[in-house]
Amino acid sequence: MTPITTTAELARYCETIKGQPFVAVDTEFMRETTYWPKLCLIQAAAPNAHAVIDPLAEGMDLEPFLDILRDESILKVFHAARQDVEIFNNLQAMPRPLFDTQVAGMAAGFGEQIAYDALVRQMLKIELDKSSRFTDWARRPLSDSQLTYALADVTHLADLYPKLRQRLEQDGRLAWVTDEMAVLTDPANYDVDPENAWRRLRPRKHTTKYLAVYRAVAAWRERTAQLRDQPRGRILKDEAIDEVATQAPIDADGLDRLRSVPKGFSGSRFGPDLLLAIREALKDPEAYAPVIERSKVPASPAAGAVVELLKVLLKARAEEAGVASKLIATVADLEQIANDDDAPTSALKGWRREAFGEDALKLKRGELALVLDGARVRVVEVRRAPKAATAE
């Protein structure tokens, strides 16, 4: 098998797939030792043509293929698309519209986060060859067997998509997947602005000083990781950000006393820059600290018990619908519902409200009950006795 290694070849291939209804796409990349994913291979399969594209080939310009990804008349089909979308978004080519067969599989009753090989096995009755799954995709040349393995990821994907879409349409669930695709292609999910890095983490406190330092340290780490092209965790661990924000050290001695910071960190090439970032944040913490919206509804004393009941209800409703529960609601959604009937959660909107949210509110009001029927939980309506008439 011969991959595409020149821009001219790539342009010719892209001409053949223009006007096609969809193209299945997959990538092979490396990022174990880097911040930015290193794109090593692109596999593409439209109904009329497939190809393996080598982004590492000398002089290769990916723009013809990126234009295909930007073409909103062509549907882009991925499996577990998030990391692929991140790569293409970094190349200013957000693939819209998009169809993720893993999300679709969840809606079609194949379980949560179903693997590609399992979906192929169940829907196409094909057993995939896994012999090349541990390939170093950055090494050249790639063998025929490695290229064949890579291409299979999209040729089968192109066969999967029509079958999966038809199944969702028959079950009236295509809109469920469409909602999720809007989330996957939201650029905000792939924001790499260092000043917003704190949003991906979980601050444990809400004091102004803590949040100002927390944001500053997270931004410093993100900026350093980007400039050095190293994973965030190699610069500073997540737990260290929390401890630094709690203690707010402003000198080398204070930094070295922290348990979660590597020994001798203050004297490393990172220490002085980190201390400078902390001191800058502390000059005006009120101005620099992020504003975190907190629920105006006080936490219910019984919220923990309500969440546990909602988990059982969610599992029951998901099994009845033949859909992965994670697609309907997360634990965070349940916690919000437990505390607030009007919580701003997707579980109380659209099809999710019909499938689960409305029943969740009824369960809270005592209008539904959970009954153990053998090994199965049934959801039953609670019939309230009419109030006795009062004598006049």
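Our structure is the block above this text.
Residue numbers here run from 1 along each chain, matching the order of that chain's written sequence. Totals for whole chains, interfaces and linings use all residues, but because this is a predicted model, local features are given only for residues with pLDDT of at least 70 and pairs of side-chain atoms are given and counted only at 80 or more. Values shown for side chains rest on all heavy atoms present in the structure; no hydrogens or waters enter the calculation.

### Thoughts on the packing of helix 1 (residues 7-17) against helix 2 (residues 63-70)
For clarity, the threshold we go by: For helices, the axis comes from a line fit to the C-alpha atoms of the stretch in contact; other axes are also lines fit to C-alpha atoms, and the angle between any two N-to-C directions lies between 0 and 180 degrees. The helix and strand labels rest on DSSP assignments: H or I over at least four residues marks a helix, E over at least two residues marks a strand, and numbering proceeds from the N terminus. Orientation is classified from the angle alone, with under 35 degrees giving roughly parallel, over 145 giving roughly antiparallel, 65 to 115 giving roughly perpendicular, and any other angle giving oblique. Only heavy atoms enter the contact rule, under which two residues are in contact if any of them lie within 4.5 Å. Nonpolar residues are Ala, Val, Leu, Ile, Met, Phe, Trp, Tyr, Cys and Pro. Charged residues are Asp, Glu, Lys and Arg, and all others, Gly as well, are polar.
Two elements in contact, helix 1 and helix 2, have axes separated by 8 Å at closest approach and are oriented at 25°. Here helix 1 is positioned roughly parallel relative to helix 2, judged by the angle of their axes. Here helix 1 contributes Thr 7, Leu 10, Ala 11, Cys 14 and Ile 17 to the contact with helix 2, which in turn contributes Pro 64, Phe 65 and Ile 68. Residues that form the contact of helix 1 with helix 2 fall into these classes: seven nonpolar, one polar and no charged.

### A closer look at the layout of surface pockets
Put simply, the test is: Cavity: a set of points on a 1 Å grid over the protein atoms alone where a 1.4 Å probe fits but cannot get out. Pocket: an open set with protein on both sides within 12 Å along at least five of seven lines, its lining residues, like those of a cavity, having an atom within 4 Å of a point. Grid points are joined across faces, edges and corners, and a volume is the space filled by probe spheres set on the points.
The space that makes up the largest pocket amounts to roughly 1000 Å³. Together, 32 residues line the largest pocket, and Arg 82, Val 183, Leu 184, Asn 189 and Tyr 190 are the ones closest to its centre. When contributions to the lining of the largest pocket are tallied by element, the ones reaching two or more residues are helix 3 (82-90), helix 4 (101-107), helix 7 (174-184) and helix 15 (325-328). Looking at the lining of the largest pocket residue by residue, the classes come out as 13 nonpolar, seven polar and twelve charged.

### So, the sheet that holds strand 5 (residues 98-100)
Our working rule: For two strands to count as paired, DSSP must find a minimum of two bridges between them.
The strand order across the open sheet built from five strands is 3-2-1-4-5, with neighbouring strands paired in mixed fashion. Lying at the two open borders of the sheet, with one neighbouring strand each, are strand 3 (49-53) and strand 5. On average, adjacent strands in this sheet sit at an angle of 25° to one another, irrespective of strand direction. Pairing of strand 4 (residues 75-78) with strand 5, which is carried by three bridges, proceeds in the parallel orientation.

### Observations concerning the side chain of His 79
Condition: The definition of a polar contact used here is a pair of N or O atoms within 3.5 Å, where within protein one atom must be able to donate a hydrogen and the other to accept one, and adjacent residues in sequence count solely through side-chain atom pairs.
Inspection of the secondary structure puts His 79 in the loop between strand 4 and helix 3. At 3.0 Å, the side chain of His 79 forms a polar contact with the backbone oxygen of Ile 114. There is a polar contact of 3.2 Å between the side chain of His 79 and the backbone nitrogen of Tyr 116. The contacts of His 79, once residues within four sequence positions are left out, are Asp 84, Asp 100, Thr 101, Gln 102, Ile 114, Ala 115, Tyr 116, Leu 119 and Leu 157.

### Re the pairing of strand 6 (residues 368-373)
Bridge count between strand 6 and strand 7 (residues 376-381): six bridges; the pairing is antiparallel. Bridging from a neighbouring strand, Ala 369 pairs with Val 380 of strand 7.

### Here's the deal with the packing of aromatic side chains
The geometry of an aromatic ring pair is captured by two quantities: the separation of the ring centres and the angle between the planes. Heads up, the rule is: Pairs were defined over the aromatic rings of Phe, Tyr and Trp, the Trp ring being its six-membered one, requiring ring centres within 6.5 Å. Orientation was assigned from the angle between planes: stacked under 30 degrees, edge-to-face over 60, tilted for the rest. Only protein chains enter the area calculation, which uses a 1.4 Å probe; residues under 20% of their type maximum are buried, those over 50% are exposed, and those in between are partly exposed. Whether a charge lies above a ring is judged from NZ of Lys or CZ of Arg, which has to be within 6 Å of the ring centre and within 35 degrees of the ring normal.
Applying the stated criterion across every chain yields a total of eleven aromatic pairs. Here Trp 220 and Phe 265 contribute two aromatic rings whose centre-to-centre distance is 6.3 Å and whose plane-to-plane angle is 80°, an arrangement assigned as edge-to-face. Of this pair, Trp 220 sits in helix 8 (residues 208-228) while Phe 265 sits in the loop between helix 11 (252-256) and helix 12 (271-283), placing them 45 residues apart in sequence. On the basis of relative accessibility, which here comes to 5%, the residue Trp 220 falls in the buried class. Note on Phe 265: relative accessible area 5%, which makes it buried. A centroid spacing of 6.0 Å and a plane angle of 80° characterise the contact between Trp 220 and Phe 270, whose relative ring orientation is edge-to-face. Of this pair, Trp 220 sits in helix 8 while Phe 270 sits in the loop between helix 11 and helix 12, and the two are 50 residues apart along the sequence. Cluster of aromatic residues (ring-pair linked, three or more members): Phe 22, Phe 99 and Tyr 161. Over the ring of Tyr 288 we find Arg 215; its NZ or CZ atom is 4.7 Å from the centre of that ring.

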